[in-house]
Structure formats: C-alpha cells, structure tokens
Amino acid sequence: MNEKKLASPERRQLLKGGAAMAVASLGAAMPLSANAACMPQEKVKFDEIVDVIVVGSGFAGMSAALQAKEAGASVMVIDKMPVFGGNSTINGGAMAVAGSPLQKKEGIEDSVDTMVADMLEAGRGMNDVEMLKLVCNGTAESCEWLTNYGVQWKPFVQHFGGHSIPRVLQTVQSSGAGIIRPLISAAKKHGIAMRNQAKLEGFIKDDTGRVIGVEVREGYYFPKERTGKMVNIGARKGVIMATGGFGRDIEYRQMQQPKLTSELDSTNHAGATSEALKQMMLLGANPIHLDQIQLGPWASPDEKGFGTASQFNTIATYPSGIVVDVRTGERFFNELADRKARADAIMTRRDADGQPVYPIGFTNAEGAKNAQTLDWGLKYKVIQKANNLDELAELYGIPAAALKAQVARWNDAVTQGKDNEFNRPMQKAMKLEQGPWYAVRMWPKVHYCMGGVKVNTASEVLHLVSNKPIPGLYAAGEATGGIHGASRLGACAVAEGVVTGRNAGSHCANNQAASLHLA
Amino acid sequence: MLRILTTMCILMLLSIPAANAMKIKDYHKEVMTGDNGKVECSFCHGDAKRKTIPQASACETCHGTPDDVAELTQRPSDADHDIEPNPHDSLHYGTDLPCTYCHQEHKESQVYCNQCHEFQYPDMKR
C-alpha cells in the first residue's frame, strides 16, 4: 500500500467505515499524519467545527478555554485521558503570586521584579526573560480571576524553596483539583465542549500552511493505540496546545537525560508523554531546553508518585524542619534552596556501591500543623511518628548523639536568625524543641519539563527556521519551553499555566477566522 | 462446494464459542445470559465489533448515572482517615472517570486511583 496515499485525510474518510483495522494502524504511524495534513482548504471536510480547539485540560488548557470563551469564541477542549486535568489536578495546588492581598495583609513586600529575579536565579539565567516577565506580571490579576471562578485559597502565605520571600498561595484542598474542578464546572456551564478520551493524532493545515484543525481519535482508551475512531475537527481561529510535559515518557526523557532511567519514579500522571510535542515539531515548532527536566526534591521512595510526602515536606519539613544524612545525623544542604539544588544534593547520598542512602526529613507537631496529608501519610506508613529524638534516631538508624547535636545547632541558628552552615533563608524558620516528631525518607522523582516549544508573547508557536509564528498554532503551560530556564521554582507552574493559558486563549480568540466546511 | 460450505460453517461455529469462552463475572453472567443460554455480548458491546471497550453509558443502563453510583459509596460526613475516599467521587476527577478504567469484565479489575494512592477497597468485585 502507498503510505502517503493511505495517510491522506480523504483516504482516511474512505477507510473510516469498513476497514477499521487499517485506520487504527495509522495511529502508530505518527509522522505520516503530519506529512499528509496539508490540504487545500475547500477540500477538507470537518466532522465538527469550532473557533478554538484546546488540546489538554490542565491549568493552561482550562484557562485558555475559559479566556477564549470570555472573548466570545466557541471552544472545544480535548484530552486523551479518561479524566480531565492532567498533572494539574493531582498537583499541590500552590501558586506563586507577586503582590497578593494576603502578602499585603502579612506585611510582605513583593514585586514583579523580585519574582522575576528569583526565577532568573533558579533558572541559572537560561530563562526566556520576555515570557518570564509576562508570567510574573500576570500572577496577581490571574489569581483574582481564579478566585472569581470559585477557587478558594488558604488564609496564609507560604515560603517555598528558592523564593526570596513568602509569596505562595495554596488552594484549601492542597491540590490543583481546587483550581481544575471549578474551571471545569465553569467551562461546562458556559457551553465549552469538554471531550475526554479524545487524542490528538495530527494537525490539519490549509494550503497556506495555517493550522485549521486537528485529527482526533475519539473514544480513545489510554494507552491502547488502536481504540476509538478518527474524526477531523476544524478550528476557525486556531489550536492551542496545552499538552504538558513528557515526564512519564521514559524513552523520550532518557534521550534527553540518560540518567533519568525507569528506576526513577515520577510524580506525573501516566499521560505525560511526548507525542503532542513531537506533532508540533513535525509542523516546524522550535523545541528548546528539552533536556532540562526537573526532579521534585520532596518526594519519598516509600510511596508511588506525588503521594503524601511531597505535600508534607513542602509545607512542613522544608520550611519548618531539617533534613539529615541518616549515617551522620547532620544536615547537608539548604532546605529552602531551589529544587535543582536540593534534588542534586539529596542524590549525592549514596553508598560505596552507588545505591541510594535515603536522607530523613523531619519536623515536630508544631511544624506539621498545616500539613493536611500528615494523617494519610501516617496511615500508609510513609510518614513515621517518634515521641522523642532518641526514638527518631532508632527508627531510622541515625546516630542519636549526632542528631541531637545537629538539632541544638539548628536551634542556635534560628535564635541568631542566620544559618551559617548552609545559608538558608530564615524568615519562617522555627526552633525544633519538642516532640512528637514526624519524619519521612526522601528521594527525588521526575516532576517537570522546563523544555518545550518556543513561543512569543502572543503565545504563538515559533517556527524553527523562520522564527516566525506558525499560523493558527498556539501553546501554553508546560508544553512551552524556556520560561523557567534550568530549574522551575515551586508554585510557578500554576502561575505559568494560568497566565500563559489565558494569554493564548485571548490571542487565539482574536485571530482572524478561517472559513471552514462541515462534511 | 460442499467442502467450502462445511468449512465456513465450522469457522462460524468456532467464532461463537470463542466469544462465550471469555471470562465473565458470576454476578453478570446471570443477567447477561439470553434465552438461548448464551451470553449476550451486545448487552455491553452493542453492535460494536469484538474487543471494543464498551462506553460507560452501557453500564449506566443498569447501574444508574455516575452520581447515583457515587451516592452508593458515599463517606459519612464526619469520616476521618480510617475511611477510604469515595472511589466514585474523587477530589481530583469528580465523577468523570468512565467505569471501564477500573471495572474490567474479562480480566481482574483495578483501582485507577492506585496509580498514585494505596487505597483499600476490599468490597470491590475484582
């Protein structure tokens, strides 16, 4: 069979009824669909047509969809998974905001410039500064926008690692679900078509090269490639790619970073794979920083994925406790450094054979008072309780005297307001004086892809050769690359997703409409 | 000619027992068995070809809407961490997850949430 002929949309239409197996086999042949997708506009017949198609339903996708709807566009959101929200709805729900009302209430002075400076420092100067400024500048207004859609925040500001000051808000649910679920409800209420089990297989372009739609596998049962049936959906104004990263695509991530083998767990959902990114690259999108893959330094090897420890360490151990080497009882890094510095530090703890020696992070009841996952972590024995430091030492085989000496040194540092050992910011540091103690074993997990496609400040995807926008193609959130440079700061993915998603939605909705025809 | 017809008949006969040889849960077997004593695949699969995963709407015909099902497994309002979350109304996904991602008819069922969590649902029919 002639492969090119097989892959053309017209041929696909012919195949759709009878030869279902042949259609199904096309799913695996991804390059074909891009080669064949360029069609004279009047010849393409669509099964459905909307103004804006959003691919992906995380922070970026849902924000893009609602913003485009607000601008008057008809919108469809497709997601290949059986559920909406991707990584966003299973994340910690923390958003960095420069100049929030809560900061003002607590007397914390912040500015867009300070946030940009913090993110540049963590990013080792590799950041796309224009996009970075766009994100930071949009956080305060986007936070209010989310609140207006029903998002509820905890009544205090948190200090996450790598930020020079406390600026992190968190949903009351301690989960991104506290953002995603209200946005999905609003989307359904406002008539946005929400399609799960709908996988992007390729783009459809007109003869000028403008993206005018997508080939979608409807009724897709992840991860079975031969399920569902192919349809063409038209997008008069454009397609917004909010397709996330590829943290769970072990083959592709290892091409970028050979050390990120299957032995490293990931906090990501199973759908965090690379095929949408590859489709954009086939259109000529410029991939940047793909080898910048972040490990989450707050994860535990004693559970799967993000689990209970990540939350516990973020809100309790790191700001209000310390992390020690189990062999010496001593601290060995700044617990409020950025994620890369912390993950790199933890992964130096190995025995003579190179096997991990999991460090122990701990705090006391006072330090853990805001940790909603504490009880769940105790239930599944990821977090362990000890009544005094001797018990804690015995629990993990730490030399007790050394551990107690370290705690005493830490308390002195808190008194002085200065950490001479590792120069940790001490604004929210507290003395560790009384049990009970709560502790976890720690080891990083693959968490976030800083890399992705290059976009401009109108969220248009830029072409690798011309460096000009690919007409009709927009991208937002983790699918884009460069904003965070070498290391994303905590709570900045929600900020990025919401701000760039809205930016893409707004620009796409204002794009000139192409004239498309139903089948 | 006769030989061809015989071959065709044998092939057809072979294909029917193949469908009915699929493992099926006891509690479903009774309601899915038609007057001819054979399991009616179309109860779940409709007119779709074999191996097509049924739409959740097929489950809803007998079991009610996702909201109905969620109500059956509701937690008491004062439930603490001793009681597992409602598997049919997730903090992350609401009632969106189609039935078939956990409940598998022809092989062992699994808990979608347990890709990350360690929830125990001993009453789930595997």
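Along every chain, residues carry numbers that run from 1 in the direction the sequence is written. As they are written, the chains are lettered A onward and the ligands numbered 1 onward, keeping that order. Totals for whole chains, interfaces and linings use all residues, but because this is a predicted model, local features are given only for residues with pLDDT of at least 70 and pairs of side-chain atoms are given and counted only at 80 or more. Heavy atoms from the whole structure form the basis of all side-chain values; hydrogens and water molecules are not counted.

Describing the overall build of chain B
Part 1 of the reasoning: Across its full length, chain B carries 5 helices and 0 strands.
Part 2 of the reasoning: For chain B, the sequential pattern of α-helices and β-strands runs α-α-α-α-α.
Part 3 of the reasoning: Evaluated residue by residue, chain B yields a buried proportion of 25% over its 126 residues.
Part 4 of the reasoning: For this analysis, residues touch if any pair of their heavy atoms sits within 4.5 Å. In chain B, of all internal contacts separated by at least 6 residues, the share reaching a separation of at least 24 is 35%.
Part 5 of the reasoning: Exposure was quantified through the Shrake-Rupley algorithm and a 1.4 Å probe, taking into account, for residues, occlusion by the shown protein chains and nothing else. With an accessible surface of roughly 9200 Å², chain B has 58% of that area assigned to carbon and sulfur atoms. Each helix is a run of DSSP H or I of at least 4 residues and each strand a run of E of at least 2, with the numbering of both proceeding from the N terminus. Exposure is judged per residue with a 1.4 Å probe applied to protein chains only, and the accessible area is read against the type maximum: over 50% gives exposed, under 20% gives buried, and values in between give partly exposed.

Let's talk about unusual backbone geometry
Both trends apply: most residues other than glycine have a negative phi, and most peptide bonds are in trans.
Residue and element names in this part refer to chain A.
Part 1 of the reasoning: In this structure, Pro223 follows Phe222 across a cis peptide bond, with omega equal to -5°.
Part 2 of the reasoning: With respect to the helices and strands, Pro223 occurs in the loop between strand E8 (211-218) and strand E9 (229-241).
Part 3 of the reasoning: The phi torsion at Ser174 lies on the positive side, around 55°, for a residue other than glycine.
Part 4 of the reasoning: With respect to the helices and strands, Ser174 occurs in the loop between strand E5 (168-170) and helix H9 (177-189).
Part 5 of the reasoning: Although it is not a glycine, His289 adopts a positive phi angle of roughly 55°.
Part 6 of the reasoning: Following the sequence through the fold, His289 ends up in the loop between strand E10 (287-288) and strand E11 (293-296).

A short note on empty space enclosed by the protein
Residue and element names in this part refer to chain A.
Part 1 of the reasoning: Points on a 1 Å grid, built from protein atoms alone, make a cavity when a 1.4 Å probe fits but cannot get out and make a pocket when they are open with protein on both sides within 12 Å along at least 5 of 7 lines; residues with an atom within 4 Å of a point are the lining residues. Grid points are joined across faces, edges and corners, and a volume is the space filled by probe spheres set on the points. One pass over the structure, following the stated rule, counts 4 cavities of 30 Å³ or more.
Part 2 of the reasoning: Considering the residues around the second largest cavity, the lining is formed by Thr243, Gly244, Gly245, Phe246, Thr273, Ala276, Leu277, Met280, Gly451, Gly452, Glu478 and Ala479.
Part 3 of the reasoning: Here the term charged refers only to Asp, Glu, Lys and Arg, the term nonpolar to Ala, Val, Leu, Ile, Met, Phe, Trp, Tyr, Cys and Pro, and the term polar to all other amino acids, Gly among them. For the lining of the second largest cavity, the class distribution of residues is 5 nonpolar, 6 polar and 1 charged.

Regarding the layout of surface pockets
Part 1 of the reasoning: For the second largest pocket, the calculated volume is near 1100 Å³.
Part 2 of the reasoning: Lining the second largest pocket are 45 residues, and of these Pro85(B), Leu91(B), His92(B), His117(B) and Phe119(B) lie nearest its centre.
Part 3 of the reasoning: Considering every element that reaches the lining of the second largest pocket, the biggest residue donor is helix H14 (residues 374-379) of chain A, with 3 residues.
Part 4 of the reasoning: The class makeup of the residues in the lining of the second largest pocket is 20 nonpolar, 18 polar and 7 charged.

Here's the deal with the interface of chain A and chain B
Part 1 of the reasoning: Facing 27 residues of chain A, the contacting portion of chain B comprises 26 residues.
Part 2 of the reasoning: The term salt bridge refers to a side-chain nitrogen of Lys or Arg lying within 4 Å of a carboxyl oxygen of Asp or Glu. Here chain A and chain B share 4 salt bridges between them.
Part 3 of the reasoning: For Lys188(A), the salt bridge goes to Asp96(B), with nearest N and O atoms at 3.8 Å.
Part 4 of the reasoning: Under this definition, polar contacts are N or O atom pairs within 3.5 Å; protein pairs additionally need one hydrogen-donor-capable and one acceptor-capable atom, and for neighbouring residues in sequence, both atoms have to be side-chain atoms. There are 15 residue pairs in polar contact (both at pLDDT 80 or more) connecting chain A and chain B.
Part 5 of the reasoning: Those elements that place two or more of their residues in the side of chain A that touches chain B are helix H3 (20-26), H9 and H14 of chain A.
Part 6 of the reasoning: Classifying every residue of the side of chain A that touches chain B gives 14 nonpolar, 7 polar and 6 charged.

Focus: the pattern of salt bridges
All names here are of chain A.
Part 1 of the reasoning: Summed over the entire model, instances satisfying the criterion amount to 26 salt bridges over all chains.
Part 2 of the reasoning: A salt bridge links Glu275 to Lys80, with the nearest nitrogen and oxygen atoms 2.7 Å apart. Taken as a pair, Glu275 in helix H11 (residues 275-282) and Lys80 in the loop between strand E3 (75-78) and strand E4 (94-96) lie far apart in primary sequence, 195 residues in all.
Part 3 of the reasoning: Classification of Glu275 as buried rests on a relative accessible area of 14%.

What about the packing of helix H5 (residues 59-70) of chain A against H9(A)?
Helix packing for two helices is described by the angle between their axes and how far apart those axes are.
Residues and elements named next belong to chain A.
Part 1 of the reasoning: Orientation of H5 relative to H9, taken along the N-to-C sense of each, is 30°, at an axis distance of 10 Å. If you check the angle between H5 and H9, you find them roughly parallel. The two elements H5 and H9 cross, and the hand of that crossing is left-handed. Seen from H5, the contacting residues are Phe59, Met62, Ser63 and Leu66; seen from H9, they are Ile179, Ile180, Leu183, Ile184, Ala186 and Ala187. Axis angles are defined between N-to-C directions and span 0 to 180 degrees, where every axis is a line fitted to C-alpha atoms and, for a helix, only to the segment in contact. Between 65 and 115 degrees an angle is taken as roughly perpendicular, under 35 as roughly parallel, over 145 as roughly antiparallel, and anywhere else as oblique. Should the near helix be turned anticlockwise from the far one by less than a right angle, the crossing is termed left-handed; should it be turned clockwise, right-handed.

A few points about a negative patch on the surface
Residues and elements named next belong to chain B.
Part 1 of the reasoning: Together, Glu60, Asp67, Asp68, Glu71 and Asp89 line one region of the surface with negative charge.
Part 2 of the reasoning: Considering every element that reaches the negative patch, the biggest residue donor is helix H5 (residues 66-72), with 3 residues.
Part 3 of the reasoning: Along the chain, the position of Asp67 falls in helix H5. Only residues whose relative accessible area exceeds 30% and that form no salt bridge are eligible for patches; like-charged ones are grouped when within 9 Å, while nonpolar side chains (Val, Leu, Ile, Met, Phe, Trp, Tyr) are grouped when within 5 Å. In this count, Lys and Arg are taken as positive residues and Asp and Glu as negative ones, while His and the chain termini are left out. Throughout, a charge is located at the NZ atom of Lys, the CZ atom of Arg, the CG atom of Asp or the CD atom of Glu.

Things to note about the confidence of the model for chain B
Residues and elements named next belong to chain B.
Part 1 of the reasoning: Confidence of the predictor in every single residue is expressed as pLDDT, which spans 0 to 100. Mean pLDDT over chain B: 86, with 83% of residues reaching 70 or higher.
Part 2 of the reasoning: Across chain B, H5 holds the top mean pLDDT of 97, while helix H1 (residues 2-20) sits lowest at 55.
Part 3 of the reasoning: Scored below 50 in pLDDT, residues 14-19 shows 3 contacts in the model against residues more than four places distant or in partner chains.
Part 4 of the reasoning: Listed scores for the predicted complex are pTM 0.89 and ipTM 0.85.

Some points on the pairing of strand E2 (residues 48-55) of chain A
All names here are of chain A.
Part 1 of the reasoning: The buried count for E2 comes to 7 of 8 residues, which makes it a mostly enclosed element.
Part 2 of the reasoning: Strand pairing requires that DSSP identify at least two bridges connecting the strands. Inspection of the sheet shows E2 paired to E9 by 7 bridges, in the parallel sense. The partner of Val52 across the bridge, within E9, is Gly238.
Part 3 of the reasoning: Inspection of the sheet shows E2 paired to E3 by 4 bridges, in the parallel sense. Counted as the bridge partner of Val55 is Ile78 from E3.

A closer look at the nonpolar core
Part 1 of the reasoning: Residues Val54(A), Leu146(A), Phe203(A), Val239(A), Met241(A), Phe312(A) and Leu473(A) are the most contacted members of the largest nonpolar core, which totals 123 residues.
Part 2 of the reasoning: Those residues in contact with Phe312(A) that sit more than four places away from it in its chain are Thr317(A), Thr363(A), Ala368(A), Ala371(A), Thr373(A), Leu374(A), Ile383(A), Tyr438(A) and Val440(A). What we call a nonpolar core is a set of buried Ala, Val, Leu, Ile, Met, Phe, Trp, Tyr and Cys residues that are connected through their side-chain atoms within 4.5 Å.

Observations concerning helix H17 (residues 492-509) of chain A
Part 1 of the reasoning: Given the number of residues in a helix, its expected span is that number minus one, multiplied by 1.5 Å. Its 18 residues place the ends of H17(A) 25 Å apart at the C-alpha level, agreeing with the 26 Å of an ideal helix rising 1.5 Å per residue.
Part 2 of the reasoning: The element H17(A) is largely enclosed, with a buried count of 16 among its 18 residues.

Here's the deal with the UniProt feature "domain: Tetrahaem cytochrome" (unreviewed entry) in chain B
Part 1 of the reasoning: The UniProt record annotates "domain: Tetrahaem cytochrome" (unreviewed entry) at residues 38-118 of chain B.
Part 2 of the reasoning: In residues 38-118 of chain B, helix accounts for 23% and strand for 0%; the two terminal C-alpha atoms are 38 Å from one another. UniProt positions are given in the numbering used here, feature names are shortened, and annotations may be inferred rather than shown by experiment.

Some points on the packing of helix H7 (residues 112-122) of chain A against helix H8 (residues 129-148) of chain A
Residues and elements named next belong to chain A.
Part 1 of the reasoning: Interaxial distance between H7 and H8 falls to 9 Å at its minimum, and their mutual angle equals 135°. With respect to H8, the element H7 is oriented oblique. The handedness of the crossing between H7 and H8 is right-handed. Two secondary-structure elements touch here, H7 through Val112, Met115, Val116, Met119 and Leu120 and H8 through Val129, Leu132, Lys133, Cys136, Asn137 and Thr139.

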